[in-house]
Amino acid sequence: MEQNQQAAARVVRGRNRIRTDDAETEDVRAHIQRVALEMFIEDGYDKTSLREIAEKLGVTKAALYYHFPTKDDIVNSLIEHRIAAVDALMEWAEAQPRTEATRIEFLQRYFVLHDVAKHEHVIRFFERNQTLINTLPAGKLMKGQMERVFGFLMDPAESTVQQLRRAMAIFTIHAGHFVLRGHDDLSPQDRREATLVVAEDLMRLAAAGE
């Protein structure tokens, strides 16, 4: 009897539920997030339905609803991870002396955070679906968080050029992967190194007032 209950709780793909063991459920959620995010980026958030996501996953809509009742729930769950990571980074930064060395270290730590595939794809998702920044609660949170990042890096006492360079250092980290991905002669490590070099150069130019 107990074995039958365990078997029923697992639920095979294409059936009613996706495995319910806590550890396995977390893996399933991550898989749903990854597949849905890829579809949102490729096809657009508005044009992608939960039914299509379920079909791509090979499960029923009921199985998908069990984990994420709406598309917004999928996006919010993805952004929660990034928001928590950036919040932790900001807490570290705001406890440090606001020196140029701290700004450079912040940039390096932000680069490492962004280099995590899930975070990179979240940024790409919002770049492809700009209106969601102002409509989804999670999008508004992320927008406010980025303003906090710029507030830490940029000094109102500096020139407009200096402030813009500091902001562009962050945008370079966001854009580096996409700008260089067509260069087949570059390895992923080459792309990462080039992106960080340019971002750091912009920060140092800003500090020098050039």
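Note that the structure is a prediction, hence the values are computed from the model and not measured.

Thresholds applied
- Residues numbered from 1 in each chain as written.
- Predicted model: local features only at pLDDT ≥ 70, side-chain atom pairs only at ≥ 80, totals over all residues.
- Heavy atoms only, no water.
- UniProt positions renumbered as here; feature names shortened; annotations may be inferred.
- Helix = DSSP H or I, 4+ residues; strand = E, 2+ residues; numbered from the N terminus.
- Axes fitted to C-alpha atoms, helices over the stretch in contact; angles between N-to-C directions.
- Parallel < 35°, antiparallel > 145°, perpendicular 65-115°, else oblique.
- Left-handed = near helix turned anticlockwise from the far one by under 90°.
- Contact = heavy atoms within 4.5 Å.
- Nonpolar A, V, L, I, M, F, W, Y, C, P; charged D, E, K, R; others polar.
- Patch = residues over 30% accessible without salt bridge, like charges linked within 9 Å, V, L, I, M, F, W, Y side chains within 5 Å.
- Areas by Shrake-Rupley, 256 points an atom, 1.4 Å probe, with all protein chains shown as cover.
- Salt bridge = Lys/Arg side-chain N within 4 Å of Asp/Glu carboxyl O.
- Buried < 20%, exposed > 50% of the residue type's maximum accessible area, 1.4 Å probe, protein only.
- Polar contact = N/O pair within 3.5 Å; in protein donor to acceptor, adjacent residues only side chain to side chain.

> Please clarify how the UniProt feature "DNA-binding region" (unreviewed entry) in the protein chain should be interpreted in this entry.
With numbering aligned to this structure, UniProt lists the feature "DNA-binding region" (unreviewed entry) at residues 49–68. With 75% helix and 0% strand, residues 49–68 has end C-alpha atoms that lie 12 Å from one another.

> How should the packing of helix α6 (residues 100–114) against helix α10 (residues 188–208) be read in this particular structure?
Packed helix pairs are characterised by how far apart their axes lie and by the angle those axes make with each other. With their axes 10 Å apart at the nearest point, α6 and α10 run at an angle of 155 degrees to one another. Comparing the axis directions of α6 and α10 gives the class roughly antiparallel. Considering the relative orientation of α6 and α10, their crossing is right-handed. Residues Glu100, Arg103, Ile104, Leu107, Gln108 and Phe111 of α6 lie in contact with α10, whose contacting residues are Arg192, Thr195, Leu196, Ala199, Glu200, Met203, Arg204 and Ala207. Classifying every residue of the contact of α6 with α10 by side-chain character gives seven nonpolar, two polar and five charged.

> When you look at the packing of helix α5 (residues 71–94) against helix α8 (residues 137–153) in this model, what are you seeing that I'm missing?
In the contact formed by α5 and α8, the axes pass within 10 Å of each other and the chain directions differ by 20 degrees. Taken together, the axis directions place α5 and α8 in an arrangement best described as roughly parallel. As for the relative orientation of α5 and α8, their crossing is left-handed in sense. Contacts between α5 and α8 involve Asn76, Ile79, Arg82, Ile83, Val86, Asp87, Met90, Glu91, Ala93 and Glu94 from the former and Ala138, Gly139, Leu141, Met142, Gln145, Met146, Arg148, Val149 and Phe152 from the latter. Across the contact of α5 with α8, the residue classes break down as eleven nonpolar, three polar and five charged.

> Please clarify how a nonpolar patch on the surface should be interpreted in this entry.
A surface patch of nonpolar side chains, amounting to about 280 Å² of accessible area, comprises Leu164, Met168 and Phe171. Relative to the helices and strands, Met168 is located in helix α9 (residues 160–180).

> I tried to follow the environment of His31 on my own but got confused; where do I start?
Relative to the assigned elements, His31 resides in helix α2 (residues 22–43). Residue classification places His31 among the partly exposed residues on the basis of a relative accessible area of 32%. Note: C-alpha distance between His31 and Leu57 (26 residues apart in sequence) is 8.6 Å. Within polar-contact distance, the side chain of His31 engages the side chain of Arg34 at 2.8 Å.

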